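The chain contents come next:
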Amino acid sequence: MRIELKGIGVAYKDWKLENFSSVFKSGSFVSVLGPSGSGKTTLLRLLCGLEKPSSGKILFGEKDVTKTAPEERGLGVVFQGNSLFSHLDVFGNVAFGLKMKKEKDLEKKVSEALRLVHFEGFGRRNVNFLSGGEQKRVAIARAIAFNPSALLLDEPFNGLDGKLKEGMKLFLKELRAKTGLTVILVTHDLDEAFFLSDRLIVMNNGSKEQEGTPFDVLLKPANSFVKDFFSDYFVVEAKQQKSRKGNVIIGNFSVPAQSGSGKPVIIFKKTNYRFIDGKT
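Residues numbered from 1 in each chain as written. Predicted model: local features only at pLDDT ≥ 70, side-chain atom pairs only at ≥ 80, totals over all residues. Heavy atoms only, no water.

### Details of the pairing of strand S3 (residues 29-33)
Step number 1: The buried fraction of S3 is high, at five of five residues.
Step number 2: Where burial is concerned, the two faces of S3 agree: the one with Phe29, Ser31 and Leu33 and the one with Val30 and Val32 are both buried.
Step number 3: The sheet contact formed by S3 and strand S8 (residues 182-186) spans four bridges and is parallel. Looking at the pairing, Val30 lines up with Ile184 of S8.
Step number 4: As defined by bridge partners, S3 adjoins strand S9 (residues 199-204) across four bridges and the pair is classed as parallel. (Buried < 20%, exposed > 50% of the residue type's maximum accessible area, 1.4 Å probe, protein only. Helix = DSSP H or I, 4+ residues; strand = E, 2+ residues; numbered from the N terminus. Pairing = 2+ DSSP bridges.)

### What about the nonpolar core?
One recurring pattern in soluble globular proteins is that nonpolar side chains are buried together.
Step number 1: Val94, Ile140, Ile144 and Leu151 are the most contacted members of the largest nonpolar core, which totals 36 residues.
Step number 2: Looking at this core, the elements that each hand over two or more residues are helix H2 (90-100), helix H3 (106-116), helix H4 (132-144), strand S7 (150-154), helix H5 (162-179) and S8.
Step number 3: Top contributing element to this core by residue count: H4, with six residues.
Step number 4: In contact with Leu151, other than residues within four places in its own chain, are Gly76, Ile140, Ala143, Ile144, Leu175, Leu181, Thr182, Val183 and Ile184. (Core = buried A, V, L, I, M, F, W, Y, C linked by side-chain atoms within 4.5 Å. Contact = heavy atoms within 4.5 Å.)

### Quick look at unusual backbone geometry
Step number 1: In this structure, His118 is a non-glycine residue whose phi angle is positive, near 60°.
Step number 2: Here His118 is to be found in the loop between H3 and H4.
Step number 3: Here Asn205, not a glycine, exhibits a phi torsion of approximately 50°, which is positive.
Step number 4: Examined against the element boundaries, Asn205 turns out to sit in the loop between S9 and strand S10 (207-212).

### Section: the packing of aromatic side chains
Step number 1: Tallied over the full model, the rule gives seven aromatic pairs.
Step number 2: Each ring, one from Phe85 and one from Phe96, has its centre 4.5 Å from the other, and the planes form 45°; the classification is tilted. Of the two residues, Phe85 sits in the loop between strand S6 (75-78) and H2 while Phe96 sits in helix H2, which places them eleven residues apart along the sequence.
Step number 3: On the basis of relative accessibility, which here comes to 26%, the residue Phe85 falls in the partly exposed class.
Step number 4: What makes Phe96 partly exposed here is its relative accessible area of 34%.
Step number 5: Through pairs of rings, three or more aromatic residues link up here, namely Phe194, Phe215, Phe225, Phe229 and Phe230.
Step number 6: Lys173 extends its terminal NZ or CZ atom over the ring of Phe195, reaching a point 4.8 Å from the ring centre. (Phe/Tyr/Trp six-rings, centres within 6.5 Å; stacked < 30°, edge-to-face > 60°. Lys NZ or Arg CZ within 6 Å of the ring centre and 35° of its normal.)

### Focus on the packing of H4 against H5
Step number 1: Two elements in contact, H4 and H5, have axes whose closest approach is 10 Å; the angle formed by their N-to-C orientations is 20°. The pairing of H4 with H5 is recorded here as roughly parallel in orientation. The element H4 and its partner H5 pack so that their crossing is right-handed. Side by side, H4 and H5 meet where Gly133, Lys136, Arg137, Ile140 and Ile144 of the first sit next to Leu164, Gly167, Met168, Phe171, Leu172 and Leu175 of the second.
Step number 2: Split into classes, the residues belonging to the contact of H4 with H5 amount to seven nonpolar, two polar and two charged. (Axes fitted to C-alpha atoms, helices over the stretch in contact; angles between N-to-C directions. Parallel < 35°, antiparallel > 145°, perpendicular 65-115°, else oblique. Left-handed = near helix turned anticlockwise from the far one by under 90°. Nonpolar A, V, L, I, M, F, W, Y, C, P; charged D, E, K, R; others polar.)

### A look at H4
Step number 1: Along its 13 residues, H4 runs 19 Å from first to last C-alpha, staying within 8% of the 18 Å computed at 1.5 Å per residue.
Step number 2: Taken across its 13 residues, H4 has ten buried, putting it largely inside the fold.
Step number 3: Burial in H4 covers these residues: Gly133, Lys136, Arg137, Val138, Ala139, Ile140, Ala141, Arg142, Ala143 and Ile144.
Step number 4: In the core, the buried residues of H4 are packed alongside S6, H2, H3, S7 and H5. (Expected span 1.5 Å × (residues − 1).)

### Observations concerning the confidence of the model for the protein
Step number 1: The predicted model of the protein averages 86 in pLDDT, with 88% of residues at 70 or higher.
Step number 2: Note on residues 269-280: pLDDT under 50 across the span, and 39 contacts to partners over four residues away in sequence or across chains. (pLDDT = per-residue confidence, 0-100.)

### A look at the sheet that holds strand S1 (residues 3-11)
Step number 1: Taken in spatial order, the four strands of this open sheet run S2-S1-S4-S5, and their pairing is antiparallel. Two strands lie at the open edges of the sheet, namely strand S2 (16-24) and strand S5 (63-64), each paired on one side alone.
Step number 2: Pairing geometry for strand S4 (residues 55-60) and S5, over two bridges, is antiparallel. Paired with Phe60 across the strands is Lys63, a residue of S5.
Step number 3: On top of the sheet, helix H1 (residues 40-48) reaches S1, S2 and S4; it is set at about 115° to S1, its chief contact.

As structure tokens, then:
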């Protein structure tokens, strides 16, 4: 689903968002980045209807949903806390929203959602004994069980250790590919944003500082704020080729490769390298 914000504004006692506009193309993955207090979560709450704008319009396709109630917007939402119901098992948690909407084929839809998050066969598990990553998957299964038109994620990897976080990133990339959902991710983690996103929106103090592809934003910062925000990152162009020890990444360095040879690779971040197949 295509989502558009036109001149959105909202004001609080000591903070405001003014004249915010952006288009989220159908099937795209967009990450909203920025420091604490920049307006990332407020933007998500405006999209899902938990906050009402004082000006502007929110369009889902051609439909104006600015005044539409949250439950009528057809969005799947996962906030920082998983908000799982401890008295319900995995199946009960995923089925909760479907029951509220009086959806038909309940068991089929729950089973499909659990299959998409690789949790099939675990419907009767107690959610209190799940790992952090497993709980995140259940929360996402609940958000997508009713076939939403878009998925909104607010810092979904918070509280996960490094290995779980990497696994969840791969899972989200796969989920988006399987479902074709429009996904909007709020994060402060540049690694997450670069790995997952088609586009980035960089925010600061209620304003959009820059919007573009990850590499456009990194290589062509619009102003000093964006430049400073990405100051710990750099880009090195390299290629993969075969060696006696397997595939290696070759530039002015040599490190173990993580995928097939022959594809261009971009490596970035001074303290935590990432390997991204594809062209810049």
